[in-house]
Amino acid sequence: MNRPGPQIVLLGIGHTNAHVLHMWRRAPIPDARLVCVSSFAVATYSGMLPGTLTGQYPPGRLEIDLRSLANAARAELVVEPARAVDIEARSVRFEEHGPVRFDVLSVGVGSVPGTAGIAVSGAAWVPVKPMQTFLMRLYERLQGLSRRRPEGVRVLVMGGGVGGIEISLCLPSYIRRVLGAVRHTVSVVDARERIGRGLSPRALRKVESLLAARNVNVIAGKRVIRVSDEDVVCADGHRIPADLVVLATGAAPPPVLESMALPKDPRGFLLTRDTLQSTGAANVFAVGDSGAVAGGGAPKAGVYAVRQGPVLWRNIGSLTRGEALARHEPQHDFLRLLNTGDGKALMDYKGRAVHARWCRLLKHWIDGRFMSRFRVTRKE
Ligand SMILES: Cc1cc2nc3c(=O)[nH]c(=O)nc-3n(C[C@H](O)[C@H](O)[C@H](O)COP(=O)(O)OP(=O)(O)OC[C@H]3O[C@@H](n4cnc5c(N)ncnc54)[C@H](O)[C@@H]3O)c2cc1C
């Protein structure tokens, strides 16, 4: 009797694992089976969220349709959040779906905004993740507020990293489309003394002047500890009035990582070798935001997650064939393009900062090229 081939399971279809699915569609690994596990039937591409807020893209444009992609790739798709992974038993566990066995597992469940030490009550809280439901939750909250606060809606973005800055700059145009004539204010709060971590000094100066020109109030050096329906309270007792709090704080590990008996970094992300394999299990890869290359320290950014895709694909193939694995070498610097919500983007690269319309066109081209790989246009 023939031995069944290996079962490869992709847990979370984000920037890195989606590449494996894309390659599988082109040329699957012989005799192997691919199972994709995703909390939702679509995956979202964060790079296009700001453009969706400004109305540059229709809401569906930042989504990858996983059902048709998996179908075209002849892969199985389980649409349910995984609750736990038993590494020893080689099994992914769910609440409803039966356990999914794996021979090779790639964990790419991304990250969630950090909420440690924040007490939340009421309905003002709108975390950016899961991104699949963000626009719907944002819309519903704004709709509710348009009736309750006709005198003006106070929006607070929590987290002044690159994602929070883009949201602060692009949200006003979305709010105007939803609320029409109702007035609104936007503020951004960050626990650090200065927003824009990772940006060059020139880009940061430009960001600060853009935020000031749009009347976005920057509140730096304040750690939020409580969120309610009317305001947020900071650790020093300072209160910031807010009817809508968009949570875009730094990356924290999704809960399912906790269940995995594997080595983790101090923040709780899975520690890996430079082959992207867990340091505790050779048949488990951890990629994108979910992984942390031991001794590496690359930032949690989609750019890095995307670059890991080809190495992951190659290494999954090598592992199933018993060949040597390739090393992933993250680049030292990367091109940052921030949508500034005014038809332009801010390019930050090697210390140079350019704010121009062509930068947005470049971003549009890069993002569109990435997304085009996952579009299924005809029956395959
Ligand atoms: C607003 C915003 C804008 C950003 N803009 C940029 C940018 O312009 N450039 C850039 O480089 N980076 C950007 N980032 C960062 C970037 O989004 C992340 O680094 C990137 O998404 C990481 O990719 P990933 O594959 O690890 O995870 P993700 O792309 O987040 O994918 C993880 C997937 O796993 C699924 N999942 C989670 N838990 C489970 C579970 N238990 N079971 C099954 N599935 C699960 C999720 O639903 C999701 O589909 C931005 C982030 C934000 C919040």
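Residues numbered from 1 in each chain as written. Predicted model: local features only at pLDDT ≥ 70, side-chain atom pairs only at ≥ 80, totals over all residues. Heavy atoms only, no water.

K.L.:
I'd love a proper account of the sheet that holds strand β11 (residues 119-120), names of residues and values included.
P.N.:
Taken together, four strands build an open sheet; the order of strands is β11-β16-β17-β18 and the sheet is mixed. Each edge of the open sheet carries a strand with a single partner, namely β11 and β18 (239-241). Of the strand pairs in this sheet, strand β16 (residues 224-227) and strand β17 (residues 231-234) are connected by three bridges, and their pairing is antiparallel. Residue pairing for β17: V224 is matched across the bridge by C234. (Pairing = 2+ DSSP bridges. Helix = DSSP H or I, 4+ residues; strand = E, 2+ residues; numbered from the N terminus.)

K.L.:
Please give an account of the pairing of strand β13 (residues 153-158) that cites residues and values.
P.N.:
For β13, the tally of buried residues reaches five of six residues, placing the bulk of the element in the interior. Examined bridge by bridge, β13 and strand β14 (residues 184-190) share six bridges and lie parallel to one another. The residue of β14 that forms the bridge with M158 is V189. Once the chain exits β13 it traverses helix α5 (residues 162-179) before rejoining the sheet at β14, and the crossover so formed is right-handed. Pairing analysis gives four bridges linking β13 to strand β19 (residues 244-247), with the strands arranged parallel. What sits directly across from M158, in β19, is L247. (Buried < 20%, exposed > 50% of the residue type's maximum accessible area, 1.4 Å probe, protein only. Right-handed = clockwise from strand over helix to strand, strands pointing away.)

K.L.:
Break down the pattern of salt bridges for me, with residues and values.
P.N.:
By the definition in use, this model includes 14 salt bridges. A salt bridge links R154 to D243; the shortest N-O distance between them is 2.7 Å. Of this pair, R154 sits in strand β13 while D243 sits in the loop between β18 and β19, and the two are 89 residues apart along the sequence. Assessed through its relative accessible area of 24%, R154 is described here as partly exposed. Owing to a relative accessible area of 1%, D243 belongs among the buried residues under this scheme. Here D274 makes a salt bridge to R327, at a shortest N to O gap of 2.8 Å. Taken together, the residues span a long stretch of sequence, with D274 in the loop between β21 (270-272) and β22 (284-286) and R327 in the loop between α7 (302-321) and β24 (336-339) at a distance of 53 residues. Here the salt bridges share partners, and the residues they tie into one network are R149, E151, R154 and D243. (Salt bridge = Lys/Arg side-chain N within 4 Å of Asp/Glu carboxyl O.)

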